[in-house]
Amino acid sequence: MSFKNNLKLLLSTQNVLIYILNSEEERLEYKIHLMIRQNIKKTIYCWNFIDGYYNNPNYLNKAIRNPLQAIEFIEQLNFPTSTIFFLKDFHVFINDISVIRKIKNLSRFLKQANSSIIISASEMQVPSLLKDFITVLEFPLPNYEEINLELHRLFKIMNVDSSIYSEYFHDLTLAYRGFSIEKIRISIAKLLTSNLSSTHLIKNILYEKRQLIEQTDVLEFYAVDYSFDNVGGLNVLKDWLNKRSKAFSKQAKNYGLTVPKGILLIGIQGTGKSLIAKAISGQWNLPLLKLDMGKIFASLVGQSEERMRHMIKTAEQSSPCILWIDEIDKCFTRLNNYTDSGTNGRVLSTMLTWLSEKKKPVFVIATANQVLSLPSELLRKGRFDEIFFLNLPSLEEREKIFQIHLMKFRPLSWRKYDIKYLSKLTDQFSGAEIEQAIIEAMYNAFYEKREFSTQDIINAINNFVPLAFTDTCNISAIQDWAISGKIRMAS
Ligand SMILES: Nc1ncnc2c1ncn2[C@@H]1O[C@H](COP(=O)(O)OP(=O)(O)OP(=O)(O)O)[C@@H](O)[C@H]1O
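Everything numeric in this text was worked out from a predicted model, so none of it was measured. (Residues numbered from 1 in each chain as written. Predicted model: local features only at pLDDT ≥ 70, side-chain atom pairs only at ≥ 80, totals over all residues. Heavy atoms only, no water.)

Peer 1: Pulling in residues and values, what's your account of the overall build of the chain?
Peer 2: Across its full length, the chain carries 23 helices and 13 strands. Its C-alpha atoms give the chain principal-axis dimensions of about 90 × 60 × 45 Å. When each of the 491 residues of the chain is scored for burial, the buried share is 49%. Looking at the chain alone, contacts between residues at least 24 apart form 78% of all its contacts between residues at least 6 apart. (Helix = DSSP H or I, 4+ residues; strand = E, 2+ residues; numbered from the N terminus. Buried < 20%, exposed > 50% of the residue type's maximum accessible area, 1.4 Å probe, protein only. Contact = heavy atoms within 4.5 Å.)

Here is the structure:
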């Protein structure tokens, strides 16, 4: 249900105390006034600590700097019917016992009078004594249409010919998702006065967005310049992803397609799971947010779930985007789930519920090395669109990986290396190990002050012991599991 409908319902069903969590007080106040004018017949009294009651000429400056008096004022008005008392920053004062008592005493009469108190709060600070009386609502940041409207308005005010940017208006609007209206105003004023081209304008907004996202502490904004050309092999996975590359477009929506949820990539270390996450972001031209799972877990009870919820909200506000959850197996294991039914289980269940019910265009890429220890709930249908297994590369895939890395290091002379022979020598090597062997060869040749050759790479390969040789048991177990048909192979 939309915020507006939710609030309308609460106000018409005798909810006496409504606590609205928001970061945009001015916009919230405007929306409530608009609702009163258009949809509901109520009178409104607004109060803040410095000005007291300020919007009704008959009661100007009542209860200045006195929250208790602000509540007593309601009593003095003799409980007017169908009235809203909009109290700003009142969360700071409702921990005072005299304020709590007064509100409790008032609540019955407010109910009879069909009136309500709305507390506008920037933080969640509901005292336990009022828990049963308060309904909490969250005021969402502006949506696509609101941002679009505001941008047109700002362009007009600033006398900027919006037709110059018309082709980019959709991208501009998307880039500003996750910003408050106030932040959009400041940002657009700053950017338009610096006469940037459309693409630079969007780049700068994304830079500001990055700072906004990183304030959350658990999300890192990854600026990547990768595409599928940087990934050798994994053709089935790439094909699957290519078919969804326009999944977040208007055309896909009009076609009736549902927004894809995401994928779980399971595989041996160094087979390109992280690389694929970065490449999708570049290929689909969507921002990549990396979640630091370790930072979700806090020591205080309830704080970890709160951080998870906050992270989800930030990702949704920045959508469309890619959310990359690296090494999910390190945080959620079967063992953890059974031994720690507390925090770990609750954080997992918050995430699983979101994954199942997610409607916003946040494409989740979770990666894991271990599958046998992953909680089964995570693998269940409906969480991810698909689970892919990334095996050690085949001969053809190794050829492609050698080519990609040699082209990267020697864009002009890569053809002189005997890629076919090197690929044959590296059976059981991962992509990361192939890259490592080339780098090792380069170091050795550089030390001897000469260009590196195929022979240097052969020497490096001969001195290299790949993980598949040292961790045979684990790797065979995961390969057997994948081959048994439980998940889709990435190549
Ligand atoms: N298929 C591939 N094509 C090209 N390069 C690859 C491939 N696989 C791995 N690499 C190289 O190895 C590096 C490390 O791989 P990556 O971090 O993506 O592996 P991973 O599967 O995420 O490993 P881990 O499980 O250890 O996190 C990549 O940055 C890339 O340079």
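Peer 1: Would you mind going over the site of the ligand in detail, with residue names and values included?
Peer 2: Around the ligand there are 17 residues in total, and Gly-232, Lys-273, Ser-274, Asn-369 and Glu-435 lie nearest to it. A distance of 2.7 Å separates an oxygen atom of the ligand from a polar side-chain atom of Lys-273. In isolation the ligand has 630 Å² of accessible area, and contact with the protein removes 83% of it. Elements supplying a minimum of two residues to the shell around the ligand: helix H11 (273-284), helix H18 (395-409) and helix H20 (431-447). Among the domains, domain 3 (256-387) and domain 4 (395-468) are the pair contributing at least three residues each to the shell around the ligand. (Near = heavy atom within 4 Å. Polar contact = N/O pair within 3.5 Å; in protein donor to acceptor, adjacent residues only side chain to side chain. Areas by Shrake-Rupley, 256 points an atom, 1.4 Å probe, with all protein chains shown as cover. Domains from an automatic or database assignment.)

Peer 1: Go over the sheet that holds strand S3 (residues 52-53), please, and point to the residues and values.
Peer 2: Reading across from one edge, S3-S2-S4-S5-S1-S6 is the order of the six strands in this open sheet, with mixed pairing throughout. What marks the edges here is a single partner per strand, and that holds for S3 and strand S6 (134-138). Of the strand pairs in this sheet, strand S1 (residues 17-21) and strand S5 (residues 116-121) are connected by five bridges, and their pairing is parallel. From the neighbouring strand, Leu-21 faces S5, where its bridge partner is Ala-121. Where helix H1 (residues 3-12) meets the sheet, it contacts S1, strand S4 (83-88), S5 and S6, and its direction lies at approximately 165° from that of S6. (Pairing = 2+ DSSP bridges. Axes fitted to C-alpha atoms, helices over the stretch in contact; angles between N-to-C directions.)

Peer 1: Outline the packing of aromatic side chains, supporting the account with residue identities and numerical values.
Peer 2: Under the defined criterion, the tally for this structure stands at 20 aromatic pairs. Here the aromatic rings of Tyr-45 and Tyr-53 are separated by 6.4 Å at their centres, their planes lie at 85°, and the arrangement is edge-to-face. Looking at Tyr-45, the relative accessible area reads 9%, which means it is buried. Pairing Trp-47 with Phe-93 gives two aromatic rings, centres 6.0 Å apart and planes at 80°, and the pair type is edge-to-face. With Trp-47 in strand S2 (residues 43-48) and Phe-93 in the loop between S4 and helix H4 (97-112), this residue pair connects regions lying 46 residues apart in the sequence. (Phe/Tyr/Trp six-rings, centres within 6.5 Å; stacked < 30°, edge-to-face > 60°.)

Peer 1: Describe unusual backbone geometry, with residues and values.
Peer 2: With the exception of glycine, most residues fall at negative phi, and the peptide bonds are largely trans. The step from Ser-319 to Pro-320 runs through a cis peptide bond, and the omega angle for that step is 5°. Mapping Pro-320 onto the fold places it in the loop between helix H13 (303-317) and strand S10 (321-325). In the Ramachandran plot, Ser-82 falls in the positive-phi region, its phi being about 45° despite a non-glycine side chain. With respect to the helices, strands and loops of the structure, Ser-82 is situated in the loop between helix H3 (67-76) and S4. In this structure Ser-82 comes out as partly exposed when scored by relative accessible area, which is 21%.

Peer 1: Provide a residue-level description of the nonpolar core, including the pertinent values.
Peer 2: Taken as a class, soluble globular proteins show a tendency for nonpolar side chains to be buried jointly. By size, the foremost hydrophobic cluster in this structure holds 44 residues, and its most contacted members are Leu-323, Ile-328 and Met-351. When residues of this core are assigned to their parent elements, the largest contribution, six residues, is made by helix H16 (residues 343-357). Membership of the second largest hydrophobic core comes to 31 residues, among which are Tyr-19, Tyr-45, Phe-85 and Phe-93. (Core = buried A, V, L, I, M, F, W, Y, C linked by side-chain atoms within 4.5 Å.)

Peer 1: Tell me what's going on with the pairing of S2, and back it up with residues and numbers.
Peer 2: Across the six residues that make up S2, a large majority, five, are buried. Looking at chain direction, S2 and S4 are connected through five bridges and run parallel. In the sheet register, Thr-43 faces S4, and the bridge partner there is Thr-83. Connecting S2 to the antiparallel partner S3 that follows it, the hairpin turn spans three residues.

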